[in-house]
Structure formats: C-alpha cells, structure tokens
Amino acid sequence: MREPRDRACRTPAHGFARKTGHPYARTRPAPAVRDPDGGQRAGRATVRDNLPWVRDWLTRPPQTNEVGRAVLLVTGLLRVLPAGLPARLFELGASAGLNLLADRFRYTAGPFGHGPADSPVVLREAWQDAPPDWLRRAAGATPALVFAERHGCDLRPIDPASPDGALALRAYVWPDQPGRTARLAGALALAAKQPPDVRPIGAAAFLREVTVQPGALTVVWHSIMRQYVPEDEWASVEQELTRLAESSSPAAPFAYLAFEPLRSGAGAGHRFVLTVRAGTGAPEVLAEAPPHGLPARPYEERRR
C-alpha cells in the first residue's frame with residue numbers, strides 16, 4: 001500500500017539512519033512522537049544530506065509485509081479449512097514471506113486465543129469486538145494449523161534473515177506504532193529460525209507451477225498487493241486461479257483468500273476487506289479491517 005507522502009519520504013531517511021547510525025535514528029520512535037516537528041526536521045535533513053542513497057531507495061516497491069494482516073488471512077483459512085486437513089500455502093506478493101509463518105502467530109481478542117501460546121508474535125485485540133461465533137467454533141475444531149507446504153513469490157523479495165532485509169522492513173514501520181514494531185521483531189525472530197521460501201518470480205508464472213493435491217487444502221492468498229500488478233498480468237493470475245478451482249474436488253480442495261481494498265462507490269473511500277472463495281463457489285466477503293489488519297470486524301454492507 002502506498003504511504004502518505006511525508007511518511008513515504010521518512011521511510012528511506014529512517015532506513016539510512018538505521019544503517020549508518022545517523023542521529024535521525026535516535027529521533028525514532030518515542031522522541032519523534034513527543035516532538036513531531038523536531039522529528040520532521042531531522043528527517044528532511046537526512047534526506048537532503050544523503051540524496052543518492054534516498055533516490056536509490058525510492059526506486060524500490062513498498063515492502064511493508066505487515067504481519068497484522070495475518071488476522072484476516074487466518075480468519076479466511078479457518079472458514080474454508082476442512083477439519084483434520086493440512087494446508088498447502090502459496091502467497092502472491094509475499095515480500096519477505098513473514099505471513100507464510102502465520103500458523104506460528106498468536107491471535108487474541110478478550111478471552112479468545114488461537115495459535116502457539118509462546119509465539120513471539122502476538123496479535124492482540126485481533127477483533128474489534130468478540131470474534132464471530134463461527135470463527136470461535138472453527139478455531140476450537142482446529143486449535144493448531146498445519147502447513148504441509150509454504151511458498152511465496154515476489155518480483156523483488158526481501159531476505160528477512162539478512163541485515164539489509166531486516167533494515168528495509170523496519171524502515172517501513174512508522175514511529176507512532178510501537179505495536180507494529182513489536183510484531184515485526186517477533187516475526188523476524190521466527191524467520192531467522194525458518195527462512196520463508198519466496199521465489200523472485202511473477203504471480204502468474206508462480207501459479208502455473210501449482211496444482212491441487214489430495215489430502216490437503218491448497219490455498220492461494222495475498223494481502224494489499226493487487227494494485228501493484230499490471231492488468232494483463234492479473235488477467236493471467238485469474239486464469240490460473242480458475243484452473244485451480246476447476247481442478248479441485250472434495251478430496252483435493254482449493255481456496256483463494258484475499259485481503260484487499262474495495263471501493264464501495266464513486267467518491268467513496270476504500271474499505272479493506274477479506275474475500276474468501278472455496279473451490280468454484282461464489283466469493284464471500286467475510287470481514288474488514290484497517291489496512292494493517294488490526295482490529296478486524298465482520299463485514300457489513302453499507303447503504304448508499
């Protein structure tokens with residue numbers, strides 16, 4: 001997702017500061033929140049003094065890889081996952097692949113909890129109110145997700161286990177969001193133990209190599225990446241999704257999950273919604289959330 005202009009400018013400045021020990025790094029996160037004008041002055045000075053480095057950074061696509069979006073993706077997975085089956089997970093636009101580790105995150109909302117209790121990634125207050133009854137039942141039926149496979153694709157993947165990769169991911173976390181900082185730190189710790197498999201390939205070419213298999217739910221998911229894919233490429237992606245859906249069966253099921261912006265009408269702002277499709281069934285819009293994924297709430301149609 002594209003960031004507001006001032007924040008987008010501060011992202012490469014923050015990256016440079018973290019990499020070099022520039023004094024601007026010491027304005028983030030807490031002092032910049034207490035003194036936003038001082039933080040902005042330091043950021044602009046960093047940009048001015050290091051223009052070649054910043055210009056190179058701005059040639060990169062945004063790589064937020066926000067793990068909070070796993071709340072929506074796992075919600076969709078629990079909606080369609082047959083009891084007792086593992087999932088084979090394939091992520092489009094996976095960035096550093098952190099959400100390929102979503103089975104290792106902890107999700108909580110009041111007394112509700114799902115996922116490993118000792119996870120370094122805890123997605124607290126995952127739901128605005130209590131999770132839907134169906135989700136509590138599904139989580140109870142599948143207390144531990146099992147991913148038989150996990151693979152992703154991205155045209156310019158980030159290696160989260162490398163210093164430069166971790167630096168890039170941290171640079172996209174804004175100073176007034178310490179919760180995101182903590183979630184990212186936990187996800188990087190998980191990725192260091194099991195580096196995600198993210199291939200440097202386009203989405204359509206990636207999907208051409210995917211087939212459904214008996215004994216597991218084949219899942220394709222993505223979050224906040226659709227706007228970066230050209231229309232002709234996305235047409236090929238949809239052809240591959242149709243192929244997978246039509247080749248699925250009760251013995252070899254398939255599901256497609258997407259957490260993406262939805263424009264509800266002319267002049268209306270975007271809503272970020274979770275859409276789920278099982279096999280050749282009709283798409284179902286299940287939930288919505290802020291773009292970084294927390295907190296989720298059930299989707300409701302709005303009257304114009």
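Note: the structure precedes this text.
All values reported here derive from a predicted model rather than from experimental measurement. (Residues numbered from 1 in each chain as written. Predicted model: local features only at pLDDT ≥ 70, side-chain atom pairs only at ≥ 80, totals over all residues. Heavy atoms only, no water.)

A. How the structure looks around the sheet that holds strand S2 (residues 106–109). Strand order in this open sheet of three strands is S3-S2-S4, and the pairing throughout is mixed. At either end of the open sheet lies a strand with only one pairing partner, and these are strand S3 (112–114) and strand S4 (122–123). Seen against the sheet, helix H5 (residues 70–80) touches S2, S3 and S4 and runs at an angle of roughly 90 degrees to S2. (Pairing = 2+ DSSP bridges. Helix = DSSP H or I, 4+ residues; strand = E, 2+ residues; numbered from the N terminus. Contact = heavy atoms within 4.5 Å. Axes fitted to C-alpha atoms, helices over the stretch in contact; angles between N-to-C directions.)

B. Highlighting the packing of aromatic side chains. A full pass over the atoms with the stated rule returns three aromatic pairs. Over the face of the ring belonging to Trp174 we find Arg180, whose NZ or CZ atom lies 5.4 Å from the ring centre. (Phe/Tyr/Trp six-rings, centres within 6.5 Å; stacked < 30°, edge-to-face > 60°. Lys NZ or Arg CZ within 6 Å of the ring centre and 35° of its normal.)

C. Spatial organisation of the pattern of salt bridges. This model, assessed by the stated rule, comprises 13 salt bridges. One salt bridge connects Glu240 with Arg208, and the closest N-O pair in it is separated by 4.0 Å. Of this pair, Glu240 sits in helix H10 (residues 231–247) while Arg208 is found in helix H9 (residues 203–208), placing the two residues 32 residues apart along the sequence. For Glu240, a relative accessible area of 11% gives the class buried. (Salt bridge = Lys/Arg side-chain N within 4 Å of Asp/Glu carboxyl O. Buried < 20%, exposed > 50% of the residue type's maximum accessible area, 1.4 Å probe, protein only.)

D. Highlighting the packing of H5 against helix H6 (residues 133–141). It is the contact of H5 with H6, at a shortest axis distance of 9 Å, that shows an interaxial angle of 75 degrees. The orientation of H5 with respect to H6, classified from their angle, is roughly perpendicular. Residues Thr75, Leu78 and Arg79 of H5 form the contact with H6, whose participating residues are Trp134, Leu135, Ala138 and Ala139. Along the lines of polarity and charge, the residues of the contact of H5 with H6 split into five nonpolar, one polar and one charged. (Parallel < 35°, antiparallel > 145°, perpendicular 65-115°, else oblique. Nonpolar A, V, L, I, M, F, W, Y, C, P; charged D, E, K, R; others polar.)

E. Layout of the pairing of strand S1 (residues 87–91). When you tally the buried positions in S1, you get five out of five residues, the bulk of the element. The alternating pattern of S1 places Ala87, Leu89 and Glu91 and Arg88 and Phe90 on opposite faces, both of which are buried. With five bridges joining them, S1 and strand S5 (residues 147–153) adopt parallel strand pairing. Among the inter-strand pairings, Ala87 is bridged to a residue of S5, identified as Phe147. Both S1 and strand S7 (residues 217–223) contribute to a ladder of five bridges, which runs parallel. If you follow Arg88 over to S7, its bridge partner there is Thr218.

F. The sheet that holds strand S11 (residues 297–298), seen in detail. Strand order in the open sheet formed by eight strands is S6-S5-S1-S7-S8-S9-S10-S11, with mixed pairing between adjacent strands. Pairing within the sheet leaves two strands with one partner each, and these edge strands are strand S6 (198–199) and S11. Most of the contacts of H10 go to strand S8 (residues 254–263), to which it runs at about 145 degrees, and overall it touches S7, S8 and strand S9 (270–278).

G. Spatial organisation of the side chain of Arg150. Mapped onto the fold, Arg150 is located in strand S5. Here the side chain of Arg150 touches Leu100 through a polar contact of 2.8 Å, landing on its backbone oxygen. There is a polar contact of 2.7 Å between the side chain of Arg150 and the side chain of Asp103. (Polar contact = N/O pair within 3.5 Å; in protein donor to acceptor, adjacent residues only side chain to side chain.)

H. Here's a closer look at the pairing of S7. With seven of seven residues buried, S7 is to be regarded as a mostly interior element. Going residue by residue along S7, you find Leu217, Val219, Trp221 and Ser223 tucked away on one face and Thr218, Val220 and His222 tucked away on the opposite face as well. Bridging between S7 and S8 involves six bridges; their strand directions are parallel. Its bridge partner lying in S8, Ser223 is registered against Phe259. Assessed by its sense of winding, the connection that carries the chain from S7 through H10 to S8 is right-handed. (Right-handed = clockwise from strand over helix to strand, strands pointing away.)

I. Representation of the environment of Thr59 within the structure. Its place among the elements puts Thr59 in the loop between helix H4 (51–57) and H5. Of note is the side chain of Thr59, whose polar atom sits 2.5 Å from the backbone oxygen of Asp56.

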